[in-house]
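# Survey of secondary and tertiary structure
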Amino acid sequence: MNSTELMQLDSSCVMQTYGRFPVAIDHGQGATLYSPEGKTYIDFASGIGVNCLGYGNKAWLEAVTTQAKKLAHISNLYYSEPYIRLAQQLTGRTGMKRVFFANGGGEANEGMIKLCRKYSYDKYGTGRSTIITLRDSFHGRTITTLTATGQDVFHQYFFPFTEGFQYAVADDIESVKALDDGTVCAVMVELVQGEGGVLPLSPEFVSSLQALCQEKDWLLAVDEVQTGVGRTGKLFCFQNYGILPDVVSFAKGIGGGLPLAGIMAGEKTQMVLTPGTHATTFGGNPICCAGGLAVLEQLNEEFLSSVREKGNYLREKIASMPGVTGVRGMGMMLGIGLAEGLQCGDIVKKLLEEGLLCLTAGHNTIRLLPPLSISQEEMDQGLAILQRVLAG
Ligand SMILES: *Cc1c(COP(=O)(O)O)cnc(C)c1O
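Below is a summary of the structure that appears in this document.

The rules behind these values
- Residues numbered from 1 in each chain as written.
- Predicted model: local features only at pLDDT ≥ 70, side-chain atom pairs only at ≥ 80, totals over all residues.
- Heavy atoms only, no water.
- Phe/Tyr/Trp six-rings, centres within 6.5 Å; stacked < 30°, edge-to-face > 60°.
- Helix = DSSP H or I, 4+ residues; strand = E, 2+ residues; numbered from the N terminus.
- Buried < 20%, exposed > 50% of the residue type's maximum accessible area, 1.4 Å probe, protein only.
- Pairing = 2+ DSSP bridges.
- Polar contact = N/O pair within 3.5 Å; in protein donor to acceptor, adjacent residues only side chain to side chain.
- Near = heavy atom within 4 Å.
- Areas by Shrake-Rupley, 256 points an atom, 1.4 Å probe, with all protein chains shown as cover.

### Looking at the packing of aromatic side chains
Summed over the entire model, instances satisfying the criterion amount to six aromatic pairs. For the ring pair F138 and F154, a centre distance of 5.4 Å and an interplane angle of 55° mean the geometry is tilted. Of the two residues, F138 sits in the loop between β5 (130–134) and α6 (143–148) while F154 sits in the loop between α6 and β6 (165–168), which places them 16 residues apart along the sequence. Of the residues examined, F154 reaches a relative accessible area of 15% and is grouped as buried. Relative to F250, the ring of F236 has its centre 6.2 Å away and its plane inclined at 70°; by these criteria the two rings are edge-to-face.

Structure, rendered in structure tokens:
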């Protein structure tokens, strides 16, 4: 089917929940994508931070196809090697203690929220279930993670929302302390707010938050769904801040393109979720975990330092482009601030016409999440398009 046929068929039989761009993608190689008609696009979006190794990565393909031939699924009633080895890698490389595997970010955050509340219930009983999150955060689309999301636009239509969430202001530790009414069990944050506008938390705020959590025995829960798996130049973003959270969620990049997610628990939270308290049919799927192992194998120290270098390169080039007021972010998670009068939505549409896929985020921001494996040549091609479009 060609692009027009695909769009027509979609409009007749698919729920119209997405504001899609008028573009269909047929296949990809490296960080370059191809429409059914053969139009090429440089990818600065990675399918929203998922395709961290780009498209057609040999080792990933080999791992996934080999596993597909051996065993596609077995359920969590039995042991299998891929999820165990992946958990070993994740804990060994982070200092976290145990992993639970899920399938997507919102679902992983649900598990993290359950863990936080049960930790507190086990230790203190009822009445201590409030979770503090931040304004401008994004934590998912389930009813509970929508409630956790600290943006009012997400709190519509689906009433009643889950009780027990309070919102503080990023980088304002007093606003967190002001919510201490004796019912708090955890604080949940993204270290770089993604959907909210690529807004990194200040190191001072994060270390005050960690100290406050320790003092109050609140769990520090970090949503690394977008920032994790090499995106910010370390395997996990908390490693940039020199902290060890009590619980961390991850998703997007981990499967290298397959649906895989999870939570990692630290020393004092590792035994909270006991048999029967949490489960999912697909969690730890062997093919997805084989993909995850191939991803982690490639994300070694040398690769991660190349992510930091590429991020700095992109940042420097973009900072001097017309209409750019600043570039925020960390590693290869970048947000471009635009001068007044420029609309990020309009610009992303023009970029698309010129052959560059980018994302938007809150605060009129163009968001870039290129494949971490993107080549110098592809970066330069993408930058040339960006320069041209911003110059008008
Ligand atoms: C994307 C995202 C989610 C939701 O993940 P899904 O896989 O879409 O459920 C949650 N938190 C953050 C920080 C995200 O970026």
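Now, onward.
### Some thoughts on the pairing of β5
β5 sits mainly inside the fold: five of its five residues count as buried. Of the two faces of β5, the one holding T130, I132 and L134 and the one holding I131 and T133 are both buried throughout. Of the strand pairs in this sheet, β5 and strand β7 (residues 184–189) are connected by three bridges, and their pairing is parallel. The residue bridging I132 from the neighbouring strand is V187, located in β7.

### Concerning the pairing of strand β17 (residues 365–368)
For a regular strand, the rule is simple: side chains alternate between the two faces of the sheet. Side chains T365 and R367 of β17 all project onto a buried face; the interleaved residues I366 and L368 project onto the opposite face, where all are buried too. One ladder, built from three bridges, connects strand β16 (residues 359–361) with β17; its direction is antiparallel. Within β17, the position partnered with T360 by the bridge is I366. In this antiparallel pair of consecutive strands, β16 and β17, the connection spans three residues, and H363 shows a positive phi of 60°.

### Considerations on the side chain of T94
Mapping T94 onto the fold places it in the loop between α4 (81–92) and β4 (98–102). A polar contact is formed between the side chain of T94 and the backbone nitrogen of M96, at a distance of 3.0 Å.

### Observations regarding the site of the ligand
The immediate surroundings of the ligand are formed by G104, G105, G106, N109, F138, H139, G140, E190, D223, V225, Q226 and K252. Here D223 contributes a side-chain N or O atom positioned 2.8 Å from a nitrogen atom of the ligand. Interatomic distance of 2.6 Å between a side-chain N/O atom of K252 and an oxygen atom of the ligand. Within the complex, 78% of the 380 Å² of free accessible area of the ligand lies under protein.

### Some details on the sheet that holds strand β15 (residues 356–357)
Within the open sheet, the four strands sit side by side as β1-β2-β3-β15. Their pairing is mixed. Two strands in the sheet have a free side with no partner beyond their single neighbour: β1 (27–29) and β15. Pairing between β1 and strand β2 (residues 32–34): three bridges, direction antiparallel. Paired with G28 across the strands is L33, a residue of β2.

### Here's the deal with unusual backbone geometry
Backbone torsion omega between F159 and P160 reads -5°, so that peptide bond is classified as cis. Looking at the secondary structure, you find P160 in the loop between α6 and β6. One non-glycine residue, S75, lies in positive phi territory at about 80°. Tracing the backbone through its elements, the reader meets S75 in the loop between α3 (58–70) and α4. You will see that H363, though not glycine, has its phi angle at about 60°, which is positive. Summarising the element assignment, H363 is placed in the loop between β16 and β17.

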